[in-house]
Amino acid sequence: MPRNESMDNTCQAMYRTLATQNGLQPEHVDISQSVLYTSIMGLLLVTDKERELQLGSGQIGLCNVGNTCFLNAIVQCLSHTRGLRDYCLRKAYLHDKYSNQEPVLMNDFSDVLAGLWECDGGETTVNPGKFYRMFKEAVPRFIGYSQQDAQEFLRFLLDRLHTEINRRPSHRPAVLAIKEPKYSRFRISDEALDMWQKHLDRDDSKIVDLFSGQLRSSLNCSVCSHYSNTFDVFCDLSLPIPKKSVQIVTLKECLDLFSQEEKLDKENSPMCERCNRRTESTKRLTIQRFPRILVIHLNRFTMSRYSVCKSSVSVSFPLHGLDLGPFGPVDCGPVLYDLYAVCNHSGTVNMGHYTAVCREEEGWCCYNDSCVTAIHEKKLQSNQAYILFYELKSCNITSQ
Ligand SMILES: [Zn+2]
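Residues numbered from 1 in each chain as written. Predicted model: local features only at pLDDT ≥ 70, side-chain atom pairs only at ≥ 80, totals over all residues. Heavy atoms only, no water.

> Pulling in residues and values, what's your account of helix α11 (residues 251-259)?
Structural remark: α-helix, 3.6 residues per turn; residues separated by three or four positions point the same way. Among all positions of α11, only L251, C254, L255, F258 and S259 are buried. Down the axis of α11, the sector holding all buried residues measures 125 degrees, keeping them to one side. (Buried < 20%, exposed > 50% of the residue type's maximum accessible area, 1.4 Å probe, protein only. Helix = DSSP H or I, 4+ residues; strand = E, 2+ residues; numbered from the N terminus. Arc of directions from axis to C-beta.)

The structure is reproduced here in structure tokens:
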């Protein structure tokens, strides 16, 4: 546990200083059993956890440093993700991460957030240039001045930040796979939990705590009726938008389409474990484990043969109480989410602009690069909504 190790080192250093000042011989004292040590340790833990953050309003814009509205919009949405914001502002990752390497991107990202939440109100805009340069160094495909996709940026950013602040070592020796019975009789929930645990053994960070969930893909062979499950970790749900003649659909219809049973022909089916060959099958996606922060990507951009098309259908979404229960395990009950940020995309595929709308203490604000304006919650629904950020409100599942 790197966190405790570093805390331990701090405590031992403090203890040595105090012991020396008081004429004790630290070499002869069992530090770990010392009362003084324990008190200091307790004190440090309390102050570290309960230190109140001094926050400004957070209503500060980001300058556009060359086609960077995609970055500005996503940073504002993440800046309003309280769990992540507080973790960054406290620099808690410094004690939390396993690696000894400098978390350079996380530091720059945290600096941007610190600028946005500064409480003396000195700055009117924050320049994300240094953070963006560091990001491009880590993810070279973002080099250049062309417009980038906000969802792609979000995925890469969370992935890079996670890598820097992972609580697990990055290159763990591969564990030899233990041959498990081909079609075991595990309960689905046990199997899912086992897969989740294996994931946490390699990848465990604040990013995982907040954004990661687990998808279950169940496959049903049409020849022998054999059922099999695979479980995958997700950090966002990318939802298709149903093609209808009307210009407005609901988020629930997008979720229904995402989770709808899909027929796979022989060529596209995986091997059936029991038939031992490819057979026609059906596949269905459900959410096995709900993330604390649910990121929903409305897949407006579709590749046609020669170009990318943008769907301008309006998708209506609830601000409160989005229930994902129907897309979870059987009988999981309601799983309710509240909206706190939206990343909007206006314009066309090639000439587009990103903005963010975020929930504040009182009402909502629109973040358009350096410009911040209040916005009525009735104006949140539009055909520009592209990425929705929801926070888990209640959930009855014990395994969560
Ligand atoms: Zn089969």
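> Describe the pairing of strand β17 (residues 352-359), naming the residues involved and giving the relevant values.
Where a strand is regular, its side chains alternate between the two sheet faces. Most of β17 sits out of view: 6 of its 8 residues are buried. Strand direction decides the pairing type here: strand β16 (residues 335-347) and β17, joined by 7 bridges, are antiparallel. The partner of S346 across the bridge, within β17, is H353. Two strands pair when backbone bridges link them, and β17 and strand β18 (residues 364-368) are joined in this way by 4 bridges, in the antiparallel orientation. Within β18, the residue paired with V357 across the bridge is C366. Between β17 and β18, which pair antiparallel one after the other, the connecting turn spans 4 residues, and G363 there sits at a positive phi close to 80 degrees. (Pairing = 2+ DSSP bridges.)

> Report on the coordination of the zinc ion, specifying residues and quantitative values.
For the zinc ion, the full set of protein donor atoms is C221 (SG), C224 (SG), C272 (SG) and C275 (SG), and the range of their distances to it is 2.3 Å. Between the 4 donor atoms coordinating the zinc ion, the angles at the centre fall across 105 to 112 degrees, so the site counts as tetrahedral. In primary-sequence terms, the residues that donate to the zinc ion follow C-x2-C-x47-C-x2-C. One end of the pair, C224, is in the loop between β3 (213-221) and β4 (227-234); the other, C275, is in the loop between β8 (271-272) and β9 (277-278), with 51 residues separating them in the sequence. (Donors = N, O, S within 2.8 Å, 3.2 Å for Na, K, Ca; no water. Tetrahedral: all angles 85-135°; square planar, octahedral: opposite > 155°, others 65-115°.)

> Can you break down unusual backbone geometry residue by residue, with the values?
In most cases, non-glycine residues show a negative phi, while peptide bonds are predominantly trans. Despite not being glycine, N276 shows a phi value in the positive range, around 65 degrees. Here N276 is to be found in the loop between β8 and β9. Backbone geometry places D331, a non-glycine residue, at a positive phi of 60 degrees. Checked against the element boundaries, D331 lands in the loop between β15 (322-323) and β16.

> Would you mind going over helix α6 (residues 104-116) in detail, with residue names and values included?
Look at α6: 19 Å from first C-alpha to last across 13 residues, which is about the 18 Å you get at 1.5 Å a residue. Counting buried positions along α6 gives 10 out of 13 residues, so the element sits mostly inside the fold. Within α6, burial applies to L105, M106, N107, D108, F109, S110, V112, L113, G115 and L116. (Expected span 1.5 Å × (residues − 1).)

> How would you summarise the pattern of salt bridges if you had to cite specific residues and measurements?
All told, the structure shown has 14 salt bridges when counted by the stated rule. Of the charged contacts, one joins R85 and D86 as a salt bridge, the two residues approaching to 2.8 Å between their closest N and O atoms. Look at R85 and you get buried, because its relative accessible area is 9%. Each of D96, R167, R168, D204 and D209 takes part in one network of salt bridges that share partners. (Salt bridge = Lys/Arg side-chain N within 4 Å of Asp/Glu carboxyl O.)

Interpretation note: all reported values are geometric properties and have no functional meaning in isolation.
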